[in-house]
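A structural walkthrough
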Amino acid sequence: QVQLVESGGGLVQPGGSLRLSCAASGSIFSIGAMGWYRQAPGKQSDLVALFPGGGDSIVKYEDSVKGRFTISRDNAKNTLYLQMNSLKPEDTAVYYCYAVIRPNGGNWEVHWGQGTQVTVSA
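So, here's what we can say about the structure.

With respect to the secondary-structure elements, Glu6 resides in strand β1 (residues 3-7). For Glu6, the side chain forms a polar contact with the main-chain nitrogen of Gly115, separated by 3.1 Å. Once residues lying within four places of it in the same chain are set aside, the contact partners of Glu6 are Ser21, Cys22, Trp36, Tyr95, Tyr96, Cys97, Gly113, Gln114, Gly115 and Thr116.

Right, let's talk about the pattern of salt bridges for a bit. Within the structure shown, the criterion is met by four salt bridges. Taking the shortest distance from any N to any O, the salt bridge between Glu62 and Arg38 comes out at 3.9 Å. Of this pair, Glu62 sits in the loop between β6 (60-61) and β7 (69-74) while Arg38 sits in strand β4 (residues 28-39), placing them 24 residues apart in sequence. Under the relative-accessibility criterion, Arg38 is labelled buried at 11%. Between Arg68 and Asp91 there is a salt bridge whose closest N-O contact spans 2.8 Å. Residue Arg68 is located in the loop between β6 and β7, and its partner Asp91 is located in the loop between β8 (79-84) and β9 (93-103); the two are separated by 23 residues in the primary sequence.

Definitions and limits used
- Residues numbered from 1 in each chain as written.
- Predicted model: local features only at pLDDT ≥ 70, side-chain atom pairs only at ≥ 80, totals over all residues.
- Heavy atoms only, no water.
- Helix = DSSP H or I, 4+ residues; strand = E, 2+ residues; numbered from the N terminus.
- Polar contact = N/O pair within 3.5 Å; in protein donor to acceptor, adjacent residues only side chain to side chain.
- Contact = heavy atoms within 4.5 Å.
- Salt bridge = Lys/Arg side-chain N within 4 Å of Asp/Glu carboxyl O.
- Buried < 20%, exposed > 50% of the residue type's maximum accessible area, 1.4 Å probe, protein only.

Structure below.
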């Protein structure tokens with residue numbers, strides 16, 4: 001069974017940094033698109049950063065995080081990262097990773113992590 005496990009959230013002061021990780025495990029044949037969403041209290045979820053997959057190698061960022069957040073992936077470890085610098089209170093949200101994964105002997109599926117809380121506050 002394929003699963004995504006997130007880590008790295010927490011409480012940080014404005015201007016600080018955090019790095020989120022999302023590790024995929026299980027019987028995995030291939031991983032396509034991977035990315036991060038976030039959902040703030042009372043708001044809809046928004047895409048934060050994305051590796052599109054499917055031959056599109058251009059990373060995409062939500063406008064408010066450009067220049068502050070960096071998404072990266074380690075394909076050997078099946079792990080996705082989100083380095084968040086210069087954090088602002090408005091970055092406070094639950095962050096979810098997702099990945100499009102083809103398990104061994106199966107078809108492509110969308111998987112989500114359990115979510116990790118990021119709180120930016122003085």
